[in-house]
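Take a look at the letters that make up each chain.
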Amino acid sequence: MQVMLTEEDANTLKKFIYDLVTTEIDKAKRDASVNKRVLNQSQIADYFEVSTTTIRQWETLGMPYGSMGSKSKFYDKEECRKWVLSQKR
């Protein structure tokens with residue numbers, strides 16, 4: 001079966017699909033914390049695809065983080081990425 005669309009209908013359909021895909025990509029980025037610069041411990045572990053235990057070990061080696069109170073730690077994704085890349089094997 002073939003569907004014939006006018007140019008106006010085709011443009012409307014293209015815009016609808018573009019808007020739908022863009023919205024879903026933005027949602028996925030938010031869900032994955034891609035747009036966030038400051039992450040909590042679980043999020044930074046997910047970002048580097050390591051465990052939170054590894055993150056705590058990296059902290060003892062000098063990975064930068066901030067804290068609020070005694071339990072909440074926050075990580076600047078860019079600063080942590082630079083730190084990881086600066087480590088020598």
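Right above here is the structure, for reference.
If you're wondering where the values come from, they're calculated on a predicted model, not measured in any experiment.

### Quick word on the packing of helix α2 (residues 41-48) against helix α4 (residues 77-86)
Relative orientation and spacing of two packed helices are given, respectively, by the angle between their axes and the distance between those axes. Across the interface, α2 lies against α4 with an axial gap of 12 Å and an inter-helix angle of 50°. When the axis of α2 is compared with that of α4, the two are oblique. With respect to the hand of their crossing, α2 and α4 are arranged in right-handed fashion. Of α4, the residues touching α2 (which contributes Ile44, Tyr47 and Phe48) are Lys77, Cys80, Arg81 and Val84.

### Thoughts on the packing of aromatic side chains
Tallying each qualifying case throughout the model produces four aromatic pairs. Ring geometry for tyrosine 47 and phenylalanine 48: centres 4.9 Å apart, planes at 70°, overall edge-to-face. Among the aromatic residues, those joined into a cluster by ring pairs are Tyr47, Phe48, Trp58 and Trp83. A cation over an aromatic ring shows up here: lysine 73 above the ring of tyrosine 65, its NZ or CZ 4.9 Å from the ring centre.

### Points about the sheet that holds strand β3 (residues 72-76)
Ordered in space as β1-β3-β2, the three strands form an open sheet in which the pairing is antiparallel. Only two strands of the sheet have a single partner each, and these edge strands are β1 (38-39) and β2 (66-68). Relative to the sheet, α4 contacts β1 and β3, its axis offset from that of β3 by approximately 70°.

Each value, and the rule that gives it
Residues numbered from 1 in each chain as written. Predicted model: local features only at pLDDT ≥ 70, side-chain atom pairs only at ≥ 80, totals over all residues. Heavy atoms only, no water. Axes fitted to C-alpha atoms, helices over the stretch in contact; angles between N-to-C directions. Helix = DSSP H or I, 4+ residues; strand = E, 2+ residues; numbered from the N terminus. Parallel < 35°, antiparallel > 145°, perpendicular 65-115°, else oblique. Left-handed = near helix turned anticlockwise from the far one by under 90°. Contact = heavy atoms within 4.5 Å. Phe/Tyr/Trp six-rings, centres within 6.5 Å; stacked < 30°, edge-to-face > 60°. Lys NZ or Arg CZ within 6 Å of the ring centre and 35° of its normal. Pairing = 2+ DSSP bridges.

These figures come from the coordinates and say nothing about function on their own.
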